[in-house]
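# Overview (structure and organization)
Given next are the chains, with one letter for each unit.
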Amino acid sequence: MTPFHSQYFAYDITRTGPPGLERLSQSLFNASVDLNPHQVEAALFALRSSLNPGVLLCDEVGLGKTIEAGLVLCQLWAERKRKLLVICPAALRKQWQVELEEKFHLPAQVIDQIVYNKLQKEGKTNPFDNKAINIVSYHYAARKANEIRAIAWDTVVIDEAHKLRNSHREKNVLGQSLRFALENRRKVLLTATPLQNSLTELYGLASFIDEQLFGDYPTFRTLYCGSDGDVSDLKARLGTFVKRTLRRDVLEFIQYTERNLITIRFRPADGEQKLYEAVSEFLQRNGTYSIPPRQRHLLTVVMRKVLASSSSALAGTLDVILERLKGLRVDAKQRVDLTERILADEQIDEELLEQLLEESENSAAVGYDDEEAGIDQEKLETEINEVEQFASWARNIGVDTKTKSLTKALSVGWKRMKQLGAQQKAVIFTESRRTQKYLSEFLENNGYAGQVVCFSGGGADPQIKEIYHKWVLDNPGKATGSKAADIRHAIIDEFRLRSKILIATEAASEGFNLQFCSLLINFDLPWNPQRIEQRIGRIHRYGQKHDVVVINFLNARNSADARVYDLLQHKFKLFEGIFGASDGILGQTESGAGLENKILGIYQNCRSEEQITAAFDKLRQELDEEIQDKLRSTREKIFGHFDEDVQKRLKVQHTEALRTLDRISGNLWRLTKHILGKRAVFDDGSLFFHLKDSPKSNIPAGTYSLARKRDREDTENEVKHRVYHLAHPLGEWCISAAKKSKLPVNNVFFELSDYQTRLSALEPLKGFSGWLTLKLLRIESFDAEEHLLFTAVTDKGQNLDPEIVEQMFRLNGTVGEICFIPPDIEKRLSGDSTVFTDATLRKSAEQNGSLFQERREQLYRWADDVVAAAERELAMAKAALRIAEKEAGSATTVEEQHASQKRIAELESKKRKARRRIDDVEDEIFKKRNELIVQLERRISQKTTVKNIFTLRWTIR
């Protein structure tokens, strides 16, 4: 290595690349993730041009959209674009922070109200304006819309973006707030389900990115959503900002594991079955004091789920109801808040809960109240006695049959884990906090003492408090400032490192990545298939090394349960196969909450087995009609392939990316060895080095491993060694030191004889000498890009290709004496360099011209859409006028004639206004379109700078 080598490498590995793989080289190296070509392609698509207002990345479930967005953020950070924001569901904030820090070595900060207040006290006027990637929940971002709007964000990443599919509707408060906060900011939207029920959802997502991608909503519906909608045209327009990869496209690069289903059938004892039937009949009654009419639907859902969960949960819930009933004895107005008390101990799917609460509010709006006519004391006492009997009955059951079956399920599961070679770890999901506590105590007392950890979303439980405090002590510096987010990470670590069983409620169905576990037990099975898929997705996801086993319980004495199970297993194909329901039917049905409501109706209204069978047959038929071929065909046409040659392209890109990584790894390693010198001891074989003498106070001494090496190390080694990468303070110091060197014109001898492999392009040059110069060309247009330009000649006057010169720097070298470049050679190199510069500028201009044309076409289509909307108004006015004139012809009385003429006059006026509006809209919209295009034309002009890096005299020997 010579100073010339290290200076060339320093500029090469940190330059801002042109569009294409070179643009992404720094983030690919800094990221400690497996390299998958579809993720690289998606990141390149998102970074393709700053002209595009944003993109929608919508790969199928399990393909790593978080990694794609992480690569984008990592590259922008490397390019010093540091105003970066991530908006995601609250449950996923910690996961985002951990992945950005651990996989991309990026500083990330979860901002909630506690952190916000803390930063303000520290003097931050706007806490979002800081030196880290900000991560916020949807609702908090909406609350702080003004503060977020005040920041000139370089890019905003929005996870689970399908939540914004109705953001264009004025009544969608959350969506409207976020549209205001992020107006004119570049966005990267992530969702696996860009299209669920209607093509109009695509309009909602597109208009959130940019209102100038399509015209207004009615025009979009007219153009694309009717029976004669132009799907091909829609696909072409989406192709400029939508990127979707299908799982079948990447099977060569990613091996997905299978899902295996085990069903544990249990037969409740006679006492248990009679209790179930008695409480079920009680729930079917109307007019009970136990369940207020306003909350009847909501509380019935909870009671039905508790009834199927465990006798312990049922007893606890009945006690709360009993407390309410006894309160009514004293004062009908002093009632226990039953809904709040019961929901505190059970977890309902948020979408369903929102729907049920809305129904309760509607009941209140029409004056639907309970106990308005006073309390019938005799009826009340009868009901109290009945509920007391139910509660006593449930407690006397003790350990119910379903709970006893859990030990069998675990035994079967451990056996399968052993066969698969997987860890003996299991996640048990229940919908009830009471059942969770009951199962924990049961397992602790039946062979699993000290091996069970629970999570239900809160931090009040003593076990969770202890785990959290221990995690904080064991992981200094990892705390985010958000206790709720840190608790989740602490629970995951506890389960991964020490516990054998995690008992979780629905709070863990999002944001928990548990690829290290392969066994999932649905102790309670939700009626919502989307919720089930979310549960399974905790373990059956990218990074899972083993087939996963899903164990479900089935009550063999309950025909309704059996039909629900049949529906979930066969209709939705949830539990078996490679991909599960996310690939097919689930993305096409109505919301899971809607289905859950229909199932509840069957439980409530059907008493005989014949009624249950008929109701479920009808539900299946409705689902068959809903899961229609037309929508499936439309989705395939739109998202099947934007590029039919995708697999071939991915192969080529994968090879090129690996080659780029090898080049960066080798060059950074050699540069670091040269710059650190005797400060460190290097192990070339393992790519580790020990820093003995730190060059700066903020760089600790110790053992470092090269970033790409980290992929091959286990978790324990990650703790022992610091990861060395481009953005690490030590990496930045070494690169800066190499760039700062002032290099005179020296003789440099390149040692081809010592190189271990053959470089055929250099063989003919052995023994030759000549001159070369290296320059850095920076082009600023839509985006900045940097090019390293080698110009070289031999003493015989032969020009060398830049690729040959790059190969020379693979060789070791020796620096000789300082020399002086002859004027004619200097002039020759300068002239050749100008030729290379001009060629590079022309190529860059061509690429920018193509991007400009694409954006201009988007603006032209948007303008056409807006004019089409005005023309539609005129057509509707004309149609209404024709109908009015026809009706006037059939008028029989003077009054009817007068009314018809008045109506015709109004419509004539409306028609004239609509015609004038077309002219006005054309003038207005074309003016705005042309102004935007002029702005683009200003940006397309190139600003260039050329920097001389070094010149040397070379000899190959």
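The preceding data block contains the structure.
Residues numbered from 1 in each chain as written. Predicted model: local features only at pLDDT ≥ 70, side-chain atom pairs only at ≥ 80, totals over all residues. Heavy atoms only, no water.

## Observations regarding the packing of aromatic side chains
All told, the structure shown has 21 aromatic pairs when counted by the stated rule. Ring plane angle 10° and centroid distance 5.4 Å describe the contact between F689 and Y704, whose orientation is recorded as stacked. Taken together, the positions of F689 in strand β15 (residues 688–691) and Y704 in strand β16 (residues 702–706) put the pair 15 residues apart, joining distant regions of the chain. With relative accessibility at 1%, the residue F689 sits in the buried group. For Y704, a relative accessible area of 0% translates into the label buried. A network of ring pairs unites the aromatic residues F4, Y8, F9, F750, F790, F809 and F950 as a single cluster. (Phe/Tyr/Trp six-rings, centres within 6.5 Å; stacked < 30°, edge-to-face > 60°. Helix = DSSP H or I, 4+ residues; strand = E, 2+ residues; numbered from the N terminus. Buried < 20%, exposed > 50% of the residue type's maximum accessible area, 1.4 Å probe, protein only.)

## Some words on the sheet that holds strand β12 (residues 519–522)
Reading across from one edge, β8-β13-β12-β9-β11-β10 is the order of the six strands in this open sheet, with parallel pairing throughout. At either end of the open sheet lies a strand with only one pairing partner, and these are β8 (259–266) and β10 (452–455). On average, each strand axis in the sheet is inclined to that of its neighbour by 20°, with strand direction left out of account. As judged from the four bridges shared by strand β9 (residues 426–429) and β12, these two strands associate in the parallel manner. Residue pairing across strands places I428 opposite I521, the latter belonging to β12. (Pairing = 2+ DSSP bridges. Axes fitted to C-alpha atoms, helices over the stretch in contact; angles between N-to-C directions.)

## Regarding the sheet that holds strand β19 (residues 769–780)
Strand order across the open sheet formed by six strands is β21-β20-β19-β23-β18-β22, with mixed pairing between neighbours. Only two strands of the sheet have a single neighbouring strand rather than two, namely β21 (799–800) and β22 (813–818). As judged from the five bridges shared by strand β18 (residues 746–750) and strand β23 (residues 943–956), these two strands associate in the parallel manner. Bridge pairing in β23 links F749 to T955. Across the sheet, helix α1 (residues 3–14) touches β18, β19, β20 (784–794), β22 and β23, and the angle it forms with β23 is around 145°. Running over the sheet, helix α32 (residues 823–889) touches β19, β20, β21 and β23 and is turned about 145° from β20. (Contact = heavy atoms within 4.5 Å.)

## Topic: the nonpolar core
In this structure, W96, L772 and F809 are the most contacted members of the largest nonpolar core, which totals 88 residues. Ignoring any residue separated from it by four or fewer positions in sequence, one finds L772 in contact with F790, T791, A792, V805, M808, F809, L829, F950, T951, L952 and W954. If you look at the next biggest cluster of nonpolar residues, it comprises 77 residues, including L299, V427, L502 and I536. (Core = buried A, V, L, I, M, F, W, Y, C linked by side-chain atoms within 4.5 Å.)

## Some remarks on helix α15 (residues 311–330)
Given a rise of 1.5 Å per residue, 20 residues ought to cover 28 Å, and the 29 Å separating the end C-alpha atoms of α15 matches this to within 8%. Among the 20 residues of α15, 14 are classified as buried, and the element is accordingly described as predominantly covered. (Expected span 1.5 Å × (residues − 1).)

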